[in-house]
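# Observations on the model geometry
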Amino acid sequence: MSTTVDLANPTVPAPARTAGNTVLRDTVLVFRRALRLSLRNPVWTVMGLAQPLLYLFFFGPLLTKITNVPGFPVGDPWQIFVPAIMVMLGMFGAAFVGFGLVSEWRDGVIDRMRVTPMSRFSLLAGRVLRDVVVLSAQAVLLVAAGLAMGLRAPAVGVVVGIALVAVMGATMSAVSYSIALILKSEDALAPLLNGVMLPVMLLSGIMLPISRGFAPDWLYYLSRINPMSYVVEGARAAFLGNFAGSEFWVGLGVAGALASVGLGWATRTFTRQSS
Amino acid sequence: MTSDLTHPMIRARGLAKTYRSRRGQVPAVRGVDLDVADGEIVGFLGPNGAGKTTTLQMLTTLTEPTAGEASIAGHDLRTDPVGVRRSIGYVAQGGSAGSDARVGEELEFQARFYGVPAGEASRRAAALMDQLDLGGLGGRDVKTLSGGQRRRLDIALGLVHTPALVFLDEPTTGLDPQSRSNMWGHIAGLRNELGTTVFITTHYLDEADALCDRILVIDGGRIVATGTPDELKSQVSGDLVTVSVTGDPAPAAEIARGAAGEAEVEVTDRTVRFRVPRGEHAAIDLLRHLDAAGVDLDGLSVQRPTLDDVFLTLTGRTLREDTPAPGDTGSDGGPGGAPGDTDGSDPDGSDPNGSDEKAA
């Protein structure tokens, strides 16, 4: 190894010519870097899909036996269960992405990026975009598995369901990154996310619909204050092809509202934390 | 190196940072004034918690100052942070490369983050890898690199966009002596070949002595001394003369008191020490008197003041006393515990990760 160095190598242009930074260009760069890391280490993507698939294979068939129970929603049990599992994928698949950010922060990657002239919004948006792409691909595979199990649903409903996964995934991912940037600790992030996500999931009727007549009244009313219940019902309505009913539009509206609030807060928080 | 401070690369006035914690206000930096000329290599020395990293984080736009003002390459820190970021490279103490990323890709992306076009980013990454002895490692995962290779990658990440000014936070911490020596060559080359201004924090006084045109000493959040290494050393009164005897040190101490004049003579076990200007002349006189008195000598040495002596004089403690054990992360006053907040170092380069042996 030499102790001197020719840093004035004539093949190296100095100073570097710059093409300039724009929000779109920066977002695409951050997205490409993040996606490349995900593709190189697909174990997390596979693990993320494993949980909903396990529910689909080992829990879904139980529902086929209880469709006649009073209060159980009308429709094929797979049309009830698959969209709910997709919403779960969007919620849980994205909620834990903050752990990756803590790891990058520990490696010094976040500070390195913060010292570049890149847009602060792009540092968040590029990562969220990667998560949306990964979640959408997982959702497609989940639908394919559902079809294999007996799911029959209108194509438009399926597309809307996947779009809902993308929207919920973007929201949860952005919120997770922002919380991770505030806490900067896996030890603090894990109990917080588990403490919030588990009751939200149980009260959204993903596993078993929390409908009037099927669920005790107190549980039904408790689930009504959980916005995710409406998103799950909206996804189910889409898979049933029931686009005219209020459930679909309320679900869509709640998903949109959650996205506006969540993405807005996350963008402000992430930008402030990384400024 | 003559400092041209007419158009300084770094200019700061009253730069301060106070953190708020549950226990109240914690001042980390209490009003720093500094000027760094274009093309200078400036060392920033201070014990743990002195405010080095916080100052660096303010100058690199990572932390907003609570008071004062600063400009980097003519860009105001508060009003034009993007202009500041375009002008600087930053090599954090704790590293900055993603463990799961590949070396070449990480460098190319870093160049592109600064707006460098794809083809040029690729060329620069390849050239820097060659220059920093990382040639052939472009396809390797960062996590498989040795400590020395990873540190050189950090340096490359800070340079790939050819900044006018580079901040190096403890660049040789954890490296073995040979890697440290090589790194000095790289850092000196930055200024000598490319004219890059280098602002470097270090725990290694020999490093500051060998590399830096000028040194700033920070303690308790304030700059307590500034000057060239020689100027700072001249503030310490005299050379250290040490006499070791085989028997009772009392006669040697008595003779030494005559040679030391006003200076205090320290006697420990069989060793006598004192400081005098022009120590070699005093040593010759001392030797003559000791010989005449029949004192049996075991050894005699004359030591020029080191920057550690300067440090001791200025802050009342040595840098080594503040050096934490490997793996220990000392806070720099900030409550967050960010990677850049760590001032830990490995003074003897004994960190096993510092070896280049893992290099393929």
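I will try to describe carefully the structure that is included in this document. (Residues numbered from 1 in each chain as written. Chains lettered and ligands numbered in written order. Predicted model: local features only at pLDDT ≥ 70, side-chain atom pairs only at ≥ 80, totals over all residues. Heavy atoms only, no water.)

With that settled, the discussion passes to the overall build of chain B. Secondary structure assignment for chain B yields 12 helices and 14 strands. Looking at chain B as a whole, 57% of its 360 residues are labelled buried. Expressed as a percentage of contacts within chain B between residues at least 6 apart in sequence, the contacts between residues at least 24 apart total 70%. Accessible surface, chain B as shown: approximately 14,500 Å² in total, 47% of it carbon and sulfur. (Helix = DSSP H or I, 4+ residues; strand = E, 2+ residues; numbered from the N terminus. Buried < 20%, exposed > 50% of the residue type's maximum accessible area, 1.4 Å probe, protein only. Contact = heavy atoms within 4.5 Å. Areas by Shrake-Rupley, 256 points an atom, 1.4 Å probe, with all protein chains shown as cover.)

Here the focus is the side chain of A:Arg120. Considering the arrangement of structural elements, one finds A:Arg120 in helix 7 (residues 120-149). We note that A:Arg120 is buried and unpaired, the nearest opposite charge coming from A:Asp26 at a distance of 7.8 Å. (Lys, Arg positive; Asp, Glu negative; His and termini not counted. Salt bridge = Lys/Arg side-chain N within 4 Å of Asp/Glu carboxyl O.)

Moving on, we come to the nonpolar core. Formed by 45 residues in total, the largest nonpolar core has its most connected members in B:Leu107, B:Leu153, B:Leu168, B:Val198, B:Ile200 and B:Ile215. Here this core gets five residues from one element, more than from any other, and that element is helix 5 (residues 147-159) of chain B. Residues in contact with B:Leu107, not counting those within four places in the same chain, are B:Ala125, B:Met129, B:Leu153, B:Ala156, B:Leu157 and B:Val160. In this structure, A:Ile80, A:Leu135, A:Met172 and A:Ala235 belong to the second largest nonpolar core, which totals 41 residues. (Core = buried A, V, L, I, M, F, W, Y, C linked by side-chain atoms within 4.5 Å.)

Per the stated rule, a full pass over the model turns up 22 salt bridges over all chains. For A:Arg40, the salt bridge goes to B:Glu105, with nearest N and O atoms at 2.9 Å. Of this pair, A:Arg40 sits in helix 1 (residues 23-40) while B:Glu105 sits in helix 3 (residues 103-113), on two different chains. As a salt-bridge pair, A:Arg127 and A:Glu104 come within 3.0 Å of each other at their nearest N and O atoms. On the criterion of sequence distance, the pair formed by A:Arg127 in helix 7 and A:Glu104 in helix 5 (residues 98-107) is long-range, its members being 23 residues apart. Accessibility assignment for this pair places A:Arg127 and A:Glu104 in one class, buried. Because the salt bridges share partners, they merge into one network encompassing A:Arg33, A:Glu104, A:Arg112, A:Arg127 and B:Glu106.

In this section: the packing of helix 4 (residues 77-95) of chain A against helix 8 (residues 155-183) of chain A. All names here are of chain A. Packing of helix 4 against helix 8 brings their axes to within 7 Å, and their N-to-C directions diverge by 20°. In terms of axis orientation, helix 4 runs roughly parallel to helix 8. At the point where helix 4 passes helix 8, the crossing takes the right-handed sense. Along its contact with helix 4, which presents Met-86, Val-87, Leu-89, Gly-90, Met-91, Ala-94 and Ala-95, the element helix 8 presents Gly-161, Ile-162, Val-165, Met-168, Gly-169, Met-172, Ser-173 and Ser-176. (Axes fitted to C-alpha atoms, helices over the stretch in contact; angles between N-to-C directions. Parallel < 35°, antiparallel > 145°, perpendicular 65-115°, else oblique. Left-handed = near helix turned anticlockwise from the far one by under 90°.)

Quick look at the sheet that holds strand 2 (residues 24-36) of chain B now. All names here are of chain B. Strand order across the open sheet formed by four strands is 2-1-4-5, with antiparallel pairing between neighbours. Here the strands that pair on one side only, and so sit at the sheet edges, are strand 2 and strand 5 (75-76). Bridging between strand 1 (residues 10-21) and strand 2 involves 10 bridges; their strand directions are antiparallel. Paired with Ile-10 across the strands is Val-36, a residue of strand 2. The strands that helix 1 (residues 52-59) touches are strand 1, strand 2 and strand 4 (67-72); relative to strand 1, the one it contacts most, it runs at about 115°. (Pairing = 2+ DSSP bridges.)

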